[in-house]
Amino acid sequence: MSVMYAALLRGINVGGHRKVPMPELREVLGKLGYTDVATHLQSGNAVFRSSSGDEEALRAELERAIESHFGFPVDCLVRSASYLAGVVEACPFPAAELEGKQLHVTYFDLPVDTARFASLDADSFLPEEYRLGDRALYLYAPDGLGRSKLAVALGRPAVTRGLVATSRNWNTAVRLVEMTRD
């Protein structure tokens, strides 16, 4: 039985650095034996089908292949279609009432708990808010991510140390669910 997955690449194609053209990324995925390969945008979103049920093994294989092909390391997360759908379904904010730029999901490689964020005075960032989910953090930033002071605080090394984290706006999170749907 095969499963649809999304690969979320961190920190590529930003400001002309660490360039990973999507056609080449699709080629790399295909050479790994994955099928139904597609990409979304230029920011490192790919979907594929694999018979493996091990997200971490797929992640390690993909990271090795990307470094070998492009010549630099790229942190990746690999998440199943069911996980992605669960993250969207569990959104604690009224997503249907918000613009896509106002709501973001940060995906983590490991589970996170509230203790990691204890140093943040969440009330001082209102009306911006965050909520934790399953290896995910939902961020409501009414003025967008580029103006979010809470996003800056959440991205500090003291908060994210030891984690691989990559964020997507709500429109992309929903699109990845659509792309991985069987």
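Worth saying up front: this structure is predicted, and the values here are computed from it rather than measured.

A. Examining the pattern of salt bridges more closely. Following the criterion strictly, the structure yields 10 salt bridges and no others. Between Asp36 and Arg49 there is a salt bridge, with its nearest N and O atoms 2.7 Å apart. Here Asp36, found in strand S2 (residues 35-40), pairs with Arg49, found in strand S3 (residues 45-50); they are 13 residues apart in sequence, far enough to count as distant. Given the relative accessible area of 48%, Asp36 is considered partly exposed.

B. Seen up close, the packing of aromatic side chains. A complete count under the given rule lists six aromatic pairs for this structure. Arranged with centres 5.4 Å apart and planes meeting at 45 degrees, the rings of Phe117 and Tyr130 form a pair that is tilted. Separated by 13 residues along the polypeptide, Phe117 in the loop between strand S5 (103-108) and strand S6 (129-133) and Tyr130 in strand S6 bring together distant segments of the chain. Tyr130 shares its class with Phe117; the two are buried. Linked through ring pairs, Tyr5, Tyr34 and Phe48 together constitute an aromatic cluster. If you follow Arg79 out to its NZ or CZ, it ends over the ring of Tyr83, 5.4 Å from the centre. Directly above the aromatic system of Tyr83 lies the positively charged group of Arg135, at a separation of 4.6 Å from the ring centroid.

C. Region of the structure containing the environment of Ala115. Mapped onto the elements of the fold, Ala115 is located in the loop between S5 and S6. Under the relative-accessibility criterion, Ala115 is labelled exposed at 55%. Each C-alpha atom of the pair Ala115 and Val159 lies 9.7 Å from the other, and the pair is 44 residues apart in sequence.

D. Examining the sheet that holds S3 more closely. Here four strands make up an open sheet; going across it, the order is S2-S3-S1-S4 and the pairing antiparallel. Two strands close off the open sheet at either side, each with one partner strand: S2 and strand S4 (76-80). Strand-to-strand twist in this sheet, taken as the mean axis angle between neighbours without regard to direction, amounts to 20 degrees. The pairing of strand S1 (residues 3-9) with S4 spans five bridges and is antiparallel. Across the sheet, residue Leu9 finds its bridge partner in S4, namely Cys76. Sitting on the sheet, helix H6 (residues 170-180) touches S1, S2 and S3, and the angle it makes with S1 is about 150 degrees.

E. Inspection of the packing of helix H1 (residues 22-31) against helix H2 (residues 55-70) at higher detail. Here H1 crosses H2 at 125 degrees, and the two axes come no closer than 10 Å. Classified by the interaxial angle, the pair formed by H1 and H2 is oblique. In this structure, H1 meets H2 at a crossing whose hand is right-handed. Here Glu24, Leu25, Glu27, Val28 and Leu29 of H1 come into contact with H2, specifically with Leu62, Ala65, Ile66, His69 and Phe70. Across the contact of H1 with H2, the residue classes break down as seven nonpolar, one polar and two charged.

F. Region of the structure containing the pairing of S1. Of all seven residues making up S1, six are buried, and the element is well covered by its neighbours. Judged from the six bridges that link them, S1 and S3 form a sheet pairing that is antiparallel. Note that in S3 the partner of Met4 across the bridge is Arg49.

Cut-offs used in this document
- Residues numbered from 1 in each chain as written.
- Predicted model: local features only at pLDDT ≥ 70, side-chain atom pairs only at ≥ 80, totals over all residues.
- Heavy atoms only, no water.
- Salt bridge = Lys/Arg side-chain N within 4 Å of Asp/Glu carboxyl O.
- Helix = DSSP H or I, 4+ residues; strand = E, 2+ residues; numbered from the N terminus.
- Buried < 20%, exposed > 50% of the residue type's maximum accessible area, 1.4 Å probe, protein only.
- Phe/Tyr/Trp six-rings, centres within 6.5 Å; stacked < 30°, edge-to-face > 60°.
- Lys NZ or Arg CZ within 6 Å of the ring centre and 35° of its normal.
- Pairing = 2+ DSSP bridges.
- Axes fitted to C-alpha atoms, helices over the stretch in contact; angles between N-to-C directions.
- Contact = heavy atoms within 4.5 Å.
- Parallel < 35°, antiparallel > 145°, perpendicular 65-115°, else oblique.
- Left-handed = near helix turned anticlockwise from the far one by under 90°.
- Nonpolar A, V, L, I, M, F, W, Y, C, P; charged D, E, K, R; others polar.

By themselves, these figures tell us nothing about what the structure is for.
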